Amino acid sequence: MKIQKLFQRTRFGIFAVFGGIVLSTSALCLYTVDTQLSAEYEINSKNIAKTVADSSVDILLNRDLATLQSLVDQFVEIQGIRYIYITSETGEYLAHTFVPGIPDEILQSDHRSTEPIDRELPGLGNFVEVGSPILAGVAGTVHVGMDLDVVSLKITRAIGQQVYLVSIILVIGVLASIWLVNLAAKPLGELLAYAVELARDEDEESVSERAVLARDDEVGHLARLFLYVARNGPRPETLKAVQQG
Amino acid sequence: MLTRKDLIRYALAAIVLAPLERALGGAESYFRQADSGAAESNLDGASFDGEIVLGVSAAFSGPSRGLGTELYRGASAFFSRVNESGGINGRRIALKMYDDGYQPDPCVENTMKLMLEDQVFLLFGYVGTPTVTRVLPLLKKFQDENIFMFFPFTGAQPQRQPPYGDFAFNLRASYAQETAGLVNNFVRIGKERIAVFYQADAYGRSGWAGVRAALRPHGLRIAGEATYSRGAPFTGTMRRQVEILKASAPDAVICIGAYAACAAFARDAVDLGLEVPIANLSFVGSENMLKLLVEGREDGEAYTRLLVNSQVVPSYEDLSLPAVREYRELMAHYDPQVPPKLVKEEYAPFPNSFGSLEGFLNAKLLAEIIRRLEGQVDRARLEEAVFSVRDFDLGVGERVSFGPDRRQGLQTVYYTVVEDGRFVPLEDWQAKFG
């Protein structure tokens, strides 16, 4: 006979605790990775924009836009950088990496702005754009667009790995707890079966030879108590005798 | 996520010169003159010993392979005649060739090999702005070795002005001259709204800057602009670019690109009703462009009737020019082909083309410069030999001169339109496009 009902709540509790751990760990991971990665991308974007700006000074002063474009083309090969454009102090687009053209959203924006901006460019994706002034802005501004979809992909991947690991731990934990609960429930099942036999008043010799009576634990004590009570009736000294073995 | 490693890599890429200088630091000892007795292998495994080896990195594969192939064919025709005649001062000319597919990184790698491993005498016949622009810092790095680049197939400014202008010699007119000529002619006939379709790289930007500069004296600005990615094939669509430019209501469009993309643009422009003159620069590869637009089409004329291509060499049909006659004779005689090891994709060369004529003229002038070394094949004397070229008759009607402040041989820009399935000189802009 199996003891199912007694441990149902225990099993549910274990599952709930592990589930809670998975969810809270994932949420914390999501927050941490998202915050840190986004911040790191933004800082990197600023550094890249500043480096392009610093590298562009001589080229701009030499009015060599082909070399400037070549420089920009090299930077845009860096993973995560999706576009770069350089505007003059008057807002003219001196070099850029857009194909087939500069998006209207960018054409309409403030070319002097260097503050991080979240951009959604139709057909291109979502970006965080940072700027850096060239020669304190008197020679123009460099704008670098970092691909947020790449950031999202990295966040998703990091969280996916975390959740995958915790899920495996959850499954193993639940299976182990079920096994342990069943292990604990087995002697109780034997005791219950034995009590039922006693109640049915089955053959006395048969009930005196059950293995459960030989157990040296609480289940064994209870089995012997049940047998004694069944034979002698409930008396105060009976319990004392059973407890003393 | 960008790691510190990525940032370091980025920082290295940012300053083109510095990393190259560091990477190549101490490499001076690798250099030897080609006449130092070093035995070098050419593509066929033959010895370079006693030959003057010229290093070539050009597009022999990819959508722009026609440019490198045609340029090589013209140069090879002339050098074949030189070698057959006993060489220059008893030295034969050999070409050490690599394919860069018109991509900057392979071009830089090839140039490193040519300079450090192959120890070529000079660099010759390079193709394209994005490639040449990336190689120029190498020349500056090795300026003590007097490695010069001769006659690249690009009209961009970086090899014509500081800080790299001293390391290259140009024969052809610049893109600034080509675009200025196109703009001035368009404005003269009342076409003031000029839009630009350009390759999204240094070449496109160079042409864009030329158009912008040429419009400024007229008080005009670029009416509209659209870009495409380098290597775009003819089979791709340029409809979005056409729509962008069409919205700017241009009177004319100047294209700064290679033949496959520019032909696709011309096709889609006509299909979408953008019926304005479409100009192309010399780099486009006129014959290849024409072939793409008309081959297998009954309505090919519709796509070509508004084309006007600027050229930096005269028409190869102009038999009044001695150089053209010589070019046609040698092309017919030798019919040079790109070495099989460099052929990755099929390409059917043209018997004659503007590209191969330019290659021919490049080779002819370079041979004259080497001849002026008078047997002392020494890089240190190269610049002096170049500057000794004064009023040299190359056979194209315009005399060639070089000097410390004049590192471009030819200044003339020619304009051609399509008639009867071929490019012919444009005589009257007003009558054609007015």
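Residues numbered from 1 in each chain as written. Chains lettered and ligands numbered in written order. Predicted model: local features only at pLDDT ≥ 70, side-chain atom pairs only at ≥ 80, totals over all residues. Heavy atoms only, no water.

Caption draft 1: Molecular detail of the overall build of chain A. Summing up its helical and strand segments, chain A has seven helices and five strands in all. Secondary structure elements of chain A, listed N to C terminal, follow the sequence α-α-β-β-α-β-β-β-α-α-α-α. Every one of the 245 residues in chain A was classed for burial, and the buried ones make up 42%. In chain A, the share of contacts with a sequence separation of at least 24, taken over all contacts with a separation of at least 6, comes to 53%. Within the structure as shown, chain A displays about 13,800 Å² of accessible surface, and the carbon and sulfur contribution to it stands at 59%. (Helix = DSSP H or I, 4+ residues; strand = E, 2+ residues; numbered from the N terminus. Buried < 20%, exposed > 50% of the residue type's maximum accessible area, 1.4 Å probe, protein only. Contact = heavy atoms within 4.5 Å. Areas by Shrake-Rupley, 256 points an atom, 1.4 Å probe, with all protein chains shown as cover.)

Caption draft 2: A look at the environment of B:Glu301. Residues and elements named next belong to chain B. Relative to the helices and strands, Glu301 is located in helix α11 (residues 300-304). Take Glu301: its relative accessible area is 53%, and that puts it in the exposed class. Distance in space between the C-alpha atoms of Glu301 and Gly421 is 7.8 Å, their sequence separation being 120 residues.

Caption draft 3: Fine view of the side chain of A:Ser88. Residues and elements named next belong to chain A. Mapping Ser88 onto the fold places it in the loop between β1 (81-87) and β2 (93-96). Ser88 sits in the buried class, given a relative accessible area of 6%. In this structure Ser88 touches Leu94, His111, Ala139 and Gly140, once residues within four positions along its chain are discounted.

Caption draft 4: Summary view of the pairing of strand β10 (residues 307-311) of chain B. All names here are of chain B. Of all five residues that make up β10, five are buried, and the element is covered over most of its length. A two-sided burial pattern is seen for β10, the buried positions comprising Leu307, Asn309 and Gln311 on one face and Val308 and Ser310 on the other. With three bridges connecting them, strand β9 (residues 278-280) and β10 associate as parallel partners. Its bridge partner lying in β10, Asn280 is registered against Asn309. As defined by bridge partners, β10 adjoins strand β13 (residues 414-419) across four bridges and the pair is classed as antiparallel. The residue of β13 that forms the bridge with Gln311 is Tyr414. (Pairing = 2+ DSSP bridges.)

Caption draft 5: View of the packing of helix α4 (residues 148-199) of chain A against helix α6 (residues 218-232) of chain A. All names here are of chain A. For the pair α4 and α6, interaxial distance at closest approach is 10 Å and the crossing angle is 5°. It follows from the interaxial angle that α4 and α6 lie roughly parallel. Only Val219, Leu222, Ala223, Phe226, Leu227 and Ala230 of α6 make contact with α4, whose side of the interface consists of Pro187, Leu188, Leu191, Tyr194, Ala195 and Leu198. Taken together, the residues of the contact of α4 with α6 break down into twelve nonpolar, no polar and no charged. (Axes fitted to C-alpha atoms, helices over the stretch in contact; angles between N-to-C directions. Parallel < 35°, antiparallel > 145°, perpendicular 65-115°, else oblique. Nonpolar A, V, L, I, M, F, W, Y, C, P; charged D, E, K, R; others polar.)

Caption draft 6: Region of interest: the sheet that holds β2(A). Residue and element names in this part refer to chain A. If you trace the five strands from one edge of the open sheet to the other, you get β2-β1-β5-β4-β3, paired in antiparallel fashion. The open sheet terminates on both sides in strands that have one partner only, identified here as β2 and β3 (117-121). Recorded for the sheet is a direction-independent mean angle of 25° between the axes of neighbouring strands. Of the pairings in the sheet, the one linking β1 to strand β5 (residues 140-147) comprises six bridges and is antiparallel in character. Paired with Ile86 across the bridge in β5 is Val142. The strands touched by helix α2 (residues 65-75) are β1 and β2; relative to β2, the strand with the most contacts, the crossing angle is about 40°.

Caption draft 7: Highlighting helix α4 (residues 104-117) of chain B. Residue and element names in this part refer to chain B. For α4, spanning 14 residues, the distance from its first C-alpha to its last is 19 Å, which sits close to the expected 20 Å at 1.5 Å a residue. Within α4, burial applies to Pro104, Cys107, Val108, Asn110, Thr111, Leu114, Met115 and Leu116. In this fold, the buried residues of α4 make contact with β1 (51-58), β2 (92-99), β3 (122-124) and α5 (129-141). One or two steps after α4, the chain reaches Gln119, where phi turns positive at roughly 50°. (Expected span 1.5 Å × (residues − 1).)

Caption draft 8: Inspection of the pairing of β5(A) at higher detail. All names here are of chain A. By the criterion of burial, β5 is predominantly enclosed, with eight of the eight residues buried. Of the two faces of β5, both are covered, the one formed by Gly140, Val142, Val144 and Met146 as well as the one formed by Thr141, His143, Gly145 and Asp147. Pairing between strand β4 (residues 125-134) and β5: eight bridges, direction antiparallel. In the strand pairing of β5, Val128 is matched with Met146.

Caption draft 9: Structural detail: the environment of A:Glu197. When you line up the elements, A:Glu197 lands in helix α4. Along the chain, A:Glu197 and A:Val207 lie ten residues apart, while their C-alpha atoms are 7.3 Å from each other.

Caption draft 10: Focus on the interface of chain A and chain B. The interface is formed by 36 residues belonging to chain A together with 32 residues belonging to chain B. In total, about 2,700 Å² of surface goes out of reach between chain A and chain B, with carbon and sulfur atoms giving 57% of it. For B:Arg212, the salt bridge identified is with A:Glu92, shortest N-O distance 2.7 Å. Run the count over chain A and chain B and you get seven residue pairs in polar contact (both at pLDDT 80 or more). The residue inventory of the side of chain A that touches chain B, partitioned by class, reads 17 nonpolar, twelve polar and seven charged. (Buried area = accessible area lost by both parts, 1.4 Å probe. Salt bridge = Lys/Arg side-chain N within 4 Å of Asp/Glu carboxyl O. Polar contact = N/O pair within 3.5 Å; in protein donor to acceptor, adjacent residues only side chain to side chain.)

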